[in-house]
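Listed below, chain by chain, are the residues.
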Amino acid sequence: MLGASFAPLFGFFALVVVHEGAYRRRARAELAVEHYRRALRRLDDEWRAEGVQHREFVPADHPYAADLDLFGPASLFALLCAARTRGGEATLARWLLQPATVDEVAARQEAVLALRERLDLREDLALLGGDVRAAVAPEALVAWGSAPPQIDATRFVPLRLLASALALAGVVTAVLAFAADLGFVPLLIVAVLEGVVMRALRPRTAAIVAAVEARGATSTSSRNCWAASNASRPPAAGASRS
C-alpha cells in the first residue's frame, strides 16, 4: 500500500527530469535563433535599439568618448559588443578608450582571423549564459572570493545533510498527508523546522545579498553621474551628434 502511494511521486520526479532536459534544449535552440536574428539585424542596420549601452566604463573627463558617441544608445560600443562577461565588456571599452600599439593591433587582427572560420565555436561562446546578462563586476567577484567565508567550512556537511533531510521529510509528509490520511500536522512540523533553519542562516545570507545590492546601486549611481556630467558638456567644434 505504501509502495503504491509513492509510485506517483517517483513518476513525477522522472517527468521533471525529462521536462528539464527538453526545456534546456528548447531554450538553447531559441537562444541560437535569436543570436542569428540579431546578426541579421546588424547586417540590415536595424541594431540601434539593441546592444550593450554601458556608460560607467567612461571617465567623465575623457577627451573624445562623449563627442564621438562611443557609448550609450546607437553607439559604436553597442554595435560591436557581443561579450558574455563583464570582463569582456570592460576589455572592449578599454580598447575604444585607449590607443594601441602596432603589435597589439596585429595580434587582435590575428585573433579575428583565427575565429572567423570557427562558426560552431563562436556560436557556443555566444550561447553560453546567453539568457543571463553578465552583470557581475570582476573586481567585486575577486573581492567576494578573497573574503573569509560567511559560514564556517566545518558546518557545510551538516547543513547539507540537514537541508536534504528536511526536503525529503517535506516530500514524504506531503505524500502521506494526501495518500495515507496522516493529516497535515507532520507537514507543518517540517515547515516550522525549515523556517527555524532559514532564520538562523538569514544574517549571513543577508550580508551577501546586501553586498551585491550595494554594488548594483553603486554602478547605477556612477552611470547617472556620468550622464549628468556630459549633459552639460558643450560639443566639440565641428563634431556631429546623432
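Residues numbered from 1 in each chain as written. Predicted model: local features only at pLDDT ≥ 70, side-chain atom pairs only at ≥ 80, totals over all residues. Heavy atoms only, no water.

Visitor: Quick question: what am I supposed to make of the overall build of the chain here?
Guide: The number of helices and strands found in the chain is eight helices and zero strands. Counting from the amino terminus, helix and strand elements in the chain follow one another as α-α-α-α-α-α-α-α. For the chain, the residues scored as buried account for 19% of the 242 residues in total. (Helix = DSSP H or I, 4+ residues; strand = E, 2+ residues; numbered from the N terminus. Buried < 20%, exposed > 50% of the residue type's maximum accessible area, 1.4 Å probe, protein only.)

Visitor: Is there a simple way to explain the packing of aromatic side chains in this structure?
Guide: Given two aromatic rings, one states the distance between the centres and the angle between the planes to describe the pair. Counted according to the given criterion, the structure contains one aromatic pair. Look at Phe-71 and Phe-77: their rings are 4.9 Å apart centre to centre, the planes differ by 35°, and that puts the pair in the tilted class. (Phe/Tyr/Trp six-rings, centres within 6.5 Å; stacked < 30°, edge-to-face > 60°.)

Visitor: What exactly am I supposed to notice about the side chain of Thr-173 here?
Guide: Relative to the helices and strands, Thr-173 resides in helix H7 (residues 156-179). Classification of Thr-173 as buried rests on a relative accessible area of 11%. Reaching out from Thr-173, the side chain makes a polar contact with the backbone oxygen of Ala-169 at a distance of 2.7 Å. Excluding anything up to four places from it in sequence, Thr-173 contacts Pro-186, Leu-187 and Val-190. (Polar contact = N/O pair within 3.5 Å; in protein donor to acceptor, adjacent residues only side chain to side chain. Contact = heavy atoms within 4.5 Å.)

Visitor: Please clarify how unusual backbone geometry should be interpreted in this entry.
Guide: Most peptide bonds adopt trans geometry, and most residues besides glycine take a negative phi value. Its identity as a non-glycine residue notwithstanding, Asp-69 has a phi of 55°, on the positive side. As for its position among the elements, Asp-69 is in the loop between helix H1 (2-43) and helix H2 (76-80).

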